[in-house]
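Notes for the structure review
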Amino acid sequence: MQMSLDSLIANTIRQDVRSDHIYHVPDASGFVKLDAMENPYVLPSHLHHELANRIAAVALNRYPVASYGTIKQRIRARLGVPQGYDVMLGNGSDELIAIMAQACALQPAEGRGRAVMLAPAPSFVMFQRSAMVAGMDFVGVPLKADLTLDMPAMLAAIAQHQPALVFLAYPNNPTGNLFDAADIERVLAALGDKGLCVVDEAYEPFAQQSFMGRLPEFPNLIVMRTLSKLGLAGIRLGYMSCAPALLEQFDKIRPPYNVNVLTQAAAEFCLDHLDVLNEQAALLRQQRSELSDALAKLPGVNVFPSAANFILIRVPNADAAHAALLERKVLIKNVGRMHNVLANCLRITVSTPEENAILLDGLKAALAA
């Protein structure tokens, strides 16, 4: 049977999906990789051997235990989840964002128009992509020039669009700053019982400020985190917590075996040695301070305050600096085209002293060219 593949795609795939693009992740082979906010440190060698033994004992022929009781117990006990609150696990934060979007994507048949997701702009790109895939409308509220929340604009957008979901990255990606806690409280109050506010704390180990302990104060608050930035990016494990009755609704969307047994075993092992990961986070906080100071001394470089494990800078010509660093095999993120508030900005992951020095040498040469 003959048919046109173009016609087949046009007749079966949503137009907004056809118009979108694949999320591109560049090949980092051979590069000093400072573009993805990864922890550059590995586990000590003796823990590598213990982890290998733990992984070797995993029953790969069996499905995961769908309740994930043991890993959830460790997270609740060691990562500050309030008493009486549970967590839901995801294949990274991305899956949790998608689950929330799917659950909140109210349809016109339910007596309302398309549901709205709202977030500051710029912010984590997966917020908008997940809204599109779930069939929600997305509203981005531009940050002020100093990268703080434009609260009059945020409150006006909430009143106008009545969003089902508001995402606030805390600290924000790609800007690195913490929004004022009082502003987040105002967003929660403005939403009331009409919408949910998700505080994305992916970089909490570096910010050391959290809304997790405040969950009992706000029934419409959701706190989401990931183990990726703590040093476990490769195992893809995110978690979220909120009021138990609300979490139950999201759990109806979650696939029953969404976290694999190798991820669970590795996460449980690493949480048993959380002190090692916390020590690495402390090293990176120190390196963040030293790298920020060194960057600020370079001519023409403006360094923005960061509470994350990356630093946002503005340079005279971001495209030229980015290209020059690529030639030196240093990979950072050119965010200058994401939003006009980020014009000529580069995002740099904080790494080891050795890799930070390579970055500084390369950037100094790029700026002098």
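Before going into details, it helps to say that this report is about the structure given with it.

Definitions and cut-offs
Residues numbered from 1 in each chain as written. Predicted model: local features only at pLDDT ≥ 70, side-chain atom pairs only at ≥ 80, totals over all residues. Heavy atoms only, no water. Patch = residues over 30% accessible without salt bridge, like charges linked within 9 Å, V, L, I, M, F, W, Y side chains within 5 Å. Areas by Shrake-Rupley, 256 points an atom, 1.4 Å probe, with all protein chains shown as cover. Salt bridge = Lys/Arg side-chain N within 4 Å of Asp/Glu carboxyl O. Helix = DSSP H or I, 4+ residues; strand = E, 2+ residues; numbered from the N terminus. Buried < 20%, exposed > 50% of the residue type's maximum accessible area, 1.4 Å probe, protein only. Pairing = 2+ DSSP bridges.

What follows concerns a nonpolar patch on the surface. Taken together, the side chains of Met 3, Leu 5, Leu 8, Ile 9, Ile 13 and Val 17 make up a nonpolar region of the molecular surface, amounting to roughly 510 Å² of accessible area. Considering every element that reaches the nonpolar patch, the biggest residue donor is helix α1 (residues 5-12), with three residues. Tracing the chain through its elements places Leu 5 in helix α1.

Of the two faces of strand β8 (residues 238-241), both are covered, the one formed by Gly 238 and Met 240 as well as the one formed by Tyr 239 and Ser 241. Relative to β8, strand β2 (residues 88-90) is paired through three bridges, and the arrangement is antiparallel. Note on β8: the bridge partner recorded for Gly 90 is Gly 238. When strand β7 (residues 221-226) meets β8, the two strands line up antiparallel, connected through four bridges. What sits directly across from Val 223, in β8, is Ser 241.

Attention shifts here to unusual backbone geometry. With the exception of glycine, most residues fall at negative phi, and the peptide bonds are largely trans. For the bond from Tyr 170 to Pro 171, the omega torsion is 5 degrees, close enough to zero to count as cis. Mapped onto the elements of the fold, Pro 171 is located in the loop between β5 (165-169) and α8 (181-191). At the junction of Asn 173 and Pro 174, the peptide bond is cis and its omega measures out at 20 degrees in the coordinates. Mapped onto the elements, Pro 174 comes out in the loop between β5 and α8. Backbone geometry at Leu 147 places phi at a positive 75 degrees, although glycine is not the residue there. Exposure remark for Leu 147: the relative accessible area of 3% places this residue in the buried category. Phi angles above zero are rare outside glycine, and Asn 344 is one such case at about 60 degrees. By secondary structure assignment, the location of Asn 344 is in the loop between β12 (333-334) and β13 (345-349). Relative accessible area serves as the criterion here: at 31%, Asn 344 is assigned to the partly exposed category.

Once that is clear, we can look at the sheet that holds β13. Strands sit in the order β9-β10-β13-β12 across an open sheet of four strands; the sheet is antiparallel. Looking at which strands have only one partner, the edges of the open sheet turn out to be β9 (302-303) and β12. Bridge analysis of β12 against β13 gives two bridges, and the strand direction is antiparallel. Note on β13: the bridge partner recorded for Lys 333 is Arg 347.

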